[in-house]
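Residues per chain are reported as follows:
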Amino acid sequence: MSQIKVSNAELAKVAEEIKFDILAGVPEGENELKRSQIARTFISDTITVPTKEMYSYALLASLGDDVYHEPSTAQVPHLAHVAKITGKEAGLFMPSGTMSNQIGLRTHLMQPPYTILCDNRAHIFKYEVGGAGFHSGAAVTPVAPSNGHHLTLEDVEANIVYGPDVHFAPTEVIALENTLNGTIFPQDEIIAISEFARSKGIKMHLDGARIWHVAAETGMSLKTLLEPFDSASLCFSKGLGAPIGSCLVGSTDYIRRARRIRKLFGGGMRQTGILAGSAAYALTYNFPLLPRVHALAHKLQSSFEEIGVTILSPAETCMVFYDASSIGSNYDEIAERGAALSEPLFLGGSRVVLHIQTSEAAVDDFINLIATIAEEKRKAGFVKPETQVNGHQDVYVRRVH
């Protein structure tokens, strides 16, 4: 076989075409500007960015290929640590919370037909692009909580599918979310649902993307919070401020199967040490910041209530849901007014999310903006109607951009 010889000039030409300097043309100080904007963004906690300290820490993590079972010496103890603190046998690093949930469910689901039962507001039902049906061929039973806050054992018993009737796909997994819309699922209710599920041979999965907030608010250990579940997904970027990554935890056999499905889904990763390093930094240095986030959420809620804003879902952790119409405004007007400030605010719809990089000055400016708009509307003749919050309504109203 003849060997093709490439001249240095030809190679140089190809190299010239390929090269790209991503930093060329980037204005000086752009990242610092972005950091200041994130401190004033209330749309989500996923927009937090790695600090310089996190970057420096992560760069020290060792290297290795995860797919070839050569994970870095940083990732192996990191996953073992997450498994240990959650009371599970093993963990698997995932690039996203959605993939972690979908692989978590698929690993439980062996032979169709089957159904997944969850809250009708759950992320796996509303915000994962119908993944349960697409990836697992699973039907979903979305249940509206009768108390408007969280599913109860009675809700589950009334909607679960089991027994000999061949017309229905049996419930194979009950998937709960904690927190959901920033609210904390009572642990005693989770335990009751879990005991019932296990009596029927049904698996329990937790979407624990923001479970860190529950631990910070209640003081309960992750092991206690996750004990009722066969599997759980925990996010390092939501709340904790890592740039990317979630962890799926469960039994050793379960994680072994999940590793194969992760590869099937295209989620196998290579040199993950830098990501594991960022996540480890977040666990150590960012988790203790969550109580401050909760305090800011309570401050914002109480101030809104003093102004006359109707709160659709109160602050239990890092989120507040409010009704813009209760002061005669709408979410678009408020967002546009916030964006027009000398130091802009970045606002979404009804959901206000506070995070570890939210500044107190931004919270004060948001409160002052709402107070200003409310006063303008009152002077223009607006009278707040006598309405009651419907506990069964979807409080999450998104702006259409």
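Report on the accompanying structure. Since the model is a prediction, treat every value here as computed from it, not as a measurement.

Procedures and definitions
- Residues numbered from 1 in each chain as written.
- Predicted model: local features only at pLDDT ≥ 70, side-chain atom pairs only at ≥ 80, totals over all residues.
- Heavy atoms only, no water.
- Helix = DSSP H or I, 4+ residues; strand = E, 2+ residues; numbered from the N terminus.
- Rg over C-alpha atoms; globule rule 2.2 N^0.38 Å.
- Buried < 20%, exposed > 50% of the residue type's maximum accessible area, 1.4 Å probe, protein only.
- Contact = heavy atoms within 4.5 Å.
- Areas by Shrake-Rupley, 256 points an atom, 1.4 Å probe, with all protein chains shown as cover.
- Lys, Arg positive; Asp, Glu negative; His and termini not counted.
- Charge placed at Lys NZ, Arg CZ, Asp CG, Glu CD.
- 1 Å grid on protein atoms, 1.4 Å probe; cavity = no way out; pocket = protein on both sides within 12 Å on 5 of 7 lines; lining within 4 Å.
- Points joined across faces, edges and corners; volume = space filled by probe spheres on them.
- Nonpolar A, V, L, I, M, F, W, Y, C, P; charged D, E, K, R; others polar.
- Expected span 1.5 Å × (residues − 1).
- Disulfide = S-S within 2.5 Å.
- Patch = residues over 30% accessible without salt bridge, like charges linked within 9 Å, V, L, I, M, F, W, Y side chains within 5 Å.
- Salt bridge = Lys/Arg side-chain N within 4 Å of Asp/Glu carboxyl O.
- Phe/Tyr/Trp six-rings, centres within 6.5 Å; stacked < 30°, edge-to-face > 60°.
- Pairing = 2+ DSSP bridges.
- Axes fitted to C-alpha atoms, helices over the stretch in contact; angles between N-to-C directions.

1. Some words on the overall build of the protein
Item 1. Across its full length, the protein carries 16 helices and ten strands.
Item 2. In terms of overall dimensions, the protein is globule-like: its C-alpha atoms have a radius of gyration of 24 Å, near the 21 Å expected for 401 residues.
Item 3. Expressed along its principal axes, the backbone C-alpha trace of the protein runs to roughly 85 × 65 × 35 Å.
Item 4. Per-residue burial over the protein gives 49% buried out of 401 residues.
Item 5. If you take every contact in the protein between residues at least 6 apart in sequence, the share linking residues at least 24 apart comes to 74%.
Item 6. For the protein, the exposed surface amounts to about 19700 Å²; the carbon and sulfur share of it is 56%.
Item 7. Across the protein, the 35 positively charged side chains and the 44 negatively charged ones have centroids separated by 6 Å.

2. Thoughts on the environment of Thr 152
Item 1. For Thr 152, the location among the structural elements is in the loop between strand 3 (139-143) and helix 8 (153-159).
Item 2. For Thr 152, a relative accessible area of 8% corresponds to the buried category.
Item 3. Sequence-wise, Thr 152 and Glu 189 are 37 residues apart; in three dimensions their C-alpha atoms are separated by 6.2 Å.
Item 4. Residues contacting Thr 152, with those up to four places away along its chain left out, are Ser 146, Asn 147, Glu 189 and Ile 193.

3. As for the environment of Leu 180
Item 1. Within the element layout of this structure, Leu 180 appears in the loop between strand 4 (171-177) and helix 9 (187-199).
Item 2. Look at Leu 180 and you get buried, because its relative accessible area is 5%.
Item 3. Considered as a pair, Leu 180 and Ala 242 are 62 residues apart in the sequence and their alpha carbons are 20 Å apart.

4. Focus: the layout of surface pockets
Gaps left between atoms show up when a probe the size of a water molecule is rolled over them.
Item 1. Its volume calculated, the largest pocket comes out at about 340 Å³.
Item 2. Lining the largest pocket are 26 residues, with His 123, Tyr 127, Arg 210, Lys 238 and Arg 351 sitting closest to its centre.
Item 3. For the lining of the largest pocket, the elements supplying multiple residues, two or more each, are helix 5 (97-108) and strand 6 (231-235).
Item 4. At three residues, the largest contribution of residues to the lining of the largest pocket is made by helix 5.
Item 5. A breakdown of the residues in the lining of the largest pocket according to their chemical character gives seven nonpolar, eleven polar and eight charged.

5. Description of helix 14 (residues 290-307)
Two residues of an α-helix separated by three or four positions point the same way, owing to the 3.6 residues in each turn.
Item 1. If you check helix 14, its first and last C-alpha atoms are 26 Å apart, about what 18 residues at 1.5 Å a residue would give, namely 26 Å.
Item 2. Where helix 14 is concerned, the buried positions are Leu 290, Val 293, His 294, Leu 296, Ala 297, Leu 300, Gln 301, Ser 303, Phe 304 and Ile 307.
Item 3. Of the surrounding elements, those touching the buried residues of helix 14 are helix 10 (211-218), helix 13 (273-286), strand 8 (310-313), strand 9 (319-323), strand 10 (351-353) and helix 16 (360-379).
Item 4. At the exit of helix 14 stands Gly 308, carrying a positive phi of roughly 115 degrees.

6. Re the state of the cysteines
Item 1. Summed over all chains, the structure comprises zero disulfides.
Item 2. For Cys 118, which is in no disulfide, the shortest distance to another cysteine sulfur is to Cys 235 and amounts to 19 Å.
Item 3. Considering cysteine sulfurs only, Cys 247 is the nearest to Cys 235, which forms no disulfide, with 11 Å between them.
Item 4. Using a relative accessible area of 5% as the deciding quantity, one classes Cys 235 as buried.

7. Section: a nonpolar patch on the surface
Item 1. Nonpolar side chains collect at one region of the surface, where Phe 20, Ile 22, Leu 23 and Val 26 lie side by side and expose about 480 Å² of accessible area between them.
Item 2. Relative to the elements of secondary structure, Val 26 occurs in the loop between helix 1 (8-18) and helix 2 (30-38).
Item 3. Judged by its relative accessible area of 37%, Val 26 is partly exposed.

8. Focus on the packing of aromatic side chains
Item 1. Going through the model one piece at a time under the given rule, you end up with eleven aromatic pairs.
Item 2. One aromatic cluster is present, built from ring pairs that chain together Phe 42, Phe 304, Tyr 322, Tyr 331 and Phe 366.

9. As for empty space enclosed by the protein
Item 1. Here the structure, examined in full by the defined rule, presents two cavities of 30 Å³ or more.
Item 2. Roughly 60 Å³ of volume is contained in the largest cavity.
Item 3. Split by residue class, the lining of the largest cavity holds four nonpolar, three polar and three charged.
Item 4. Estimates place the volume of the second largest cavity at around 30 Å³.
Item 5. If you trace the second largest cavity, you find it lined by Phe 42, Tyr 322, Leu 347, Gly 348, Gly 349, Arg 351, Val 352 and Phe 366.

10. Concerning the sheet that holds strand 9
Item 1. Across the sheet, three strands lie side by side as 8-9-10; this open sheet has antiparallel pairing. This sheet does not close on itself; its edge strands, each paired only once, are strand 8 and strand 10. On average, each strand axis in the sheet is inclined to that of its neighbour by 40 degrees, with strand direction left out of account.
Item 2. Summarising the sheet, strand 8 and strand 9 pair through three bridges and their orientation is antiparallel. Across the sheet, the residue bridging to Thr 310 is Asp 323, located in strand 9.

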